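Structure assessment
Each chain is listed here by its residues.
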Amino acid sequence: MDYVEQINLENKRKLQILLKELPKFCNDFFRYLDTRNTSSRTRLSYAYDMRLFFEFIQENNPIYGKMDMHDIPLKVLDEMTPVDIEEYLAYLSYYEKKSGQAVTNGEKGKSRKLSAIRTMYNYYFKKEFIKTNAPSMIETPKKHKDNIIRLDKDEVAELIATVENGSSLTARQLAAHQKTKYRDIAILILLLGTGIRVSECVGLDVLDVSFKNNSMRVVRKGGNESTVYFGAEVAGALLDYLELERPRLAEKALPGQEDAFFLSLKYSRLTTRAVEKLVKKYTDAANITKKITPHKLRSTYGTNLYKETGDIYLVADALGHKSVETTRQHYAAIDDERRKLAGKFSGSIFHE
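**Considering the overall build of the chain**
Helix and strand content of the chain: 17 helices and 5 strands. Expressed as lengths along the three principal axes of its C-alpha atoms, the size of the chain is roughly 70 × 65 × 40 Å. Taking all 352 residues of the chain together, 42% fall into the buried category. Long-range contacts, defined here as pairs at least 24 residues apart, represent 60% of the contacts in the chain between residues at least 6 apart. Per element, the accessible surface of the chain, about 20500 Å² overall, is 51% carbon and sulfur. Seen as two clouds, the 56 positive and the 48 negative side-chain charges of the chain have centres 2 Å apart.

Printed below as a string of structure tokens:
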């Protein structure tokens, strides 16, 4: 199995466990989702969101609170009113897990969780299993546009220099850095130079990368395969890692991990969480005050590509967005900058 197949299998396993906890009637809904070719990650996210919804019902209804969640009947959906759904959204602002951990949700988190229960309600309503559809009567929480956080050229240079020389790292970090310097440089330059997602980065196998035409095969969000091309800087960083560090790591690779392009010091495929920690470690060491994640490196690439080309369709294709509107929403702020520039340029007509 390749990396994506392993992740899908693990997600399906987790979903099976959750379905034993969720109300019995939810099985029909998840069979429906499977026929709609939704990703395993989407189905698992829906299951987590639905479990939270039914936990809320149990906490606030003494009858269902005494029941095992798995035994809650379908009629509970008809019993929920629009006001109940509004109370649920208010509950999402701040609640505590059974472990005592506090959780907060902003506009984005509330919108996603409302979308999950809307989809569930719509399924049972259209099948005429229920007579009411309370979530459909609730407006989606208004989302405010976030400013695009990205690195400028000086920050990119400082970040790469920090990885190269190991400056400002702790003694413990330096010990690991001596063994993974070229790997870490390759990861950062790959993310900055192609805009691929962190999951696509860690999912790479050695045979996915071709230096004959500087391209790589990536499995996009949703499972579609795509060919991504890269420049000389990315090629050089990847080759340095393949020549100077990976052979030593590959010698001790665990069974089933031998094909992974990026290996950890535990001799297994690097995880998305490990890359997130890697990015934070080096941005902190480089004294970059912006909150930079692997996704912000992707935004940096997308921003630079759009500024260079002005071609929103090219950016959408390069980033693997299914819809160009997704890309347009992310980079609308740059459009405003370009319009302002156009306004200033018009003044040159009146001056030599």
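**Details of the sheet that holds strand E5 (residues 225–229)**
Sheet architecture is open: 3 strands sit in the order E3-E4-E5, paired in antiparallel fashion. Each of the sheet's edge strands pairs with one partner strand only, and the pair in question is strand E3 (209–210) and E5.

**Observations regarding the side chain of Ser 264**
Relative to the elements of secondary structure, Ser 264 occurs in the loop between helix H12 (246–251) and helix H13 (272–285). Among the polar contacts listed, one links the side chain of Ser 264 to the backbone nitrogen of Lys 266, at a separation of 3.1 Å. With sequence-adjacent residues up to four places away left out, Ser 264 is seen in contact with Arg 183, Leu 249 and Leu 270.

**So, the environment of Phe 30**
With respect to the helices and strands, the residue Phe 30 is situated in helix H2 (residues 26–35). The spatial distance from the C-alpha of Phe 30 to the C-alpha of Arg 43 is 7.3 Å, given a sequence separation of 13 residues. In contact with Phe 30, not counting residues within four places along its chain, are Leu 15, Leu 19, Leu 22, Arg 43, Tyr 46, Ala 47 and Met 50.

**Let's talk about the pairing of strand E4 (residues 215–219)**
Burial analysis of E4 places 4 of its 5 residues in the buried class, which makes it a mostly covered element. As defined by bridge partners, E3 adjoins E4 across 2 bridges and the pair is classed as antiparallel. Across the sheet, residue Ser 210 finds its bridge partner in E4, namely Ser 215. Note: E4 against E5, 5 bridges, orientation antiparallel. Note on E5: the bridge partner recorded for Arg 217 is Thr 227. The hairpin formed by E4 and E5 contains 5 residues between the paired strands, and Gly 222 there has a positive phi angle of roughly 100 degrees.

**Some remarks on the nonpolar core**
Leu 188, Met 216 and Phe 262 are the most contacted members of the largest nonpolar core, which has 44 residues in total. Of all the secondary-structure elements, those providing two or more residues to this core are helix H8 (153–165), helix H9 (171–194), helix H10 (198–202), E4, helix H11 (232–244) and H13. By residue number, the principal contributor to this core is H9, which donates 8 residues. Apart from the residues lying within four places of it in its own chain, the contact partners of Met 216 are Leu 190, Thr 194, Ile 196, Leu 204, Asp 208, Val 209, Ser 226, Thr 227, Val 228 and Phe 230. Ranked by size, the runner-up nonpolar core spans 41 residues in total, among them Leu 22, Met 50, Val 76 and Tyr 124.

**Observations regarding the packing of aromatic side chains**
Here the structure, examined in full by the defined rule, presents 19 aromatic pairs. Centroid distance Phe 25 to Phe 54: 5.9 Å. Interplanar angle 80 degrees. Geometry classified as edge-to-face. With Phe 25 in the loop between helix H1 (3–19) and H2 and Phe 54 in helix H3 (residues 40–60), this residue pair connects regions lying 29 residues apart in the sequence. The two residues Phe 25 and Phe 54 agree in class, both being buried.

Rules and cut-offs
- Residues numbered from 1 in each chain as written.
- Predicted model: local features only at pLDDT ≥ 70, side-chain atom pairs only at ≥ 80, totals over all residues.
- Heavy atoms only, no water.
- Helix = DSSP H or I, 4+ residues; strand = E, 2+ residues; numbered from the N terminus.
- Buried < 20%, exposed > 50% of the residue type's maximum accessible area, 1.4 Å probe, protein only.
- Contact = heavy atoms within 4.5 Å.
- Areas by Shrake-Rupley, 256 points an atom, 1.4 Å probe, with all protein chains shown as cover.
- Lys, Arg positive; Asp, Glu negative; His and termini not counted.
- Charge placed at Lys NZ, Arg CZ, Asp CG, Glu CD.
- Pairing = 2+ DSSP bridges.
- Polar contact = N/O pair within 3.5 Å; in protein donor to acceptor, adjacent residues only side chain to side chain.
- Core = buried A, V, L, I, M, F, W, Y, C linked by side-chain atoms within 4.5 Å.
- Phe/Tyr/Trp six-rings, centres within 6.5 Å; stacked < 30°, edge-to-face > 60°.

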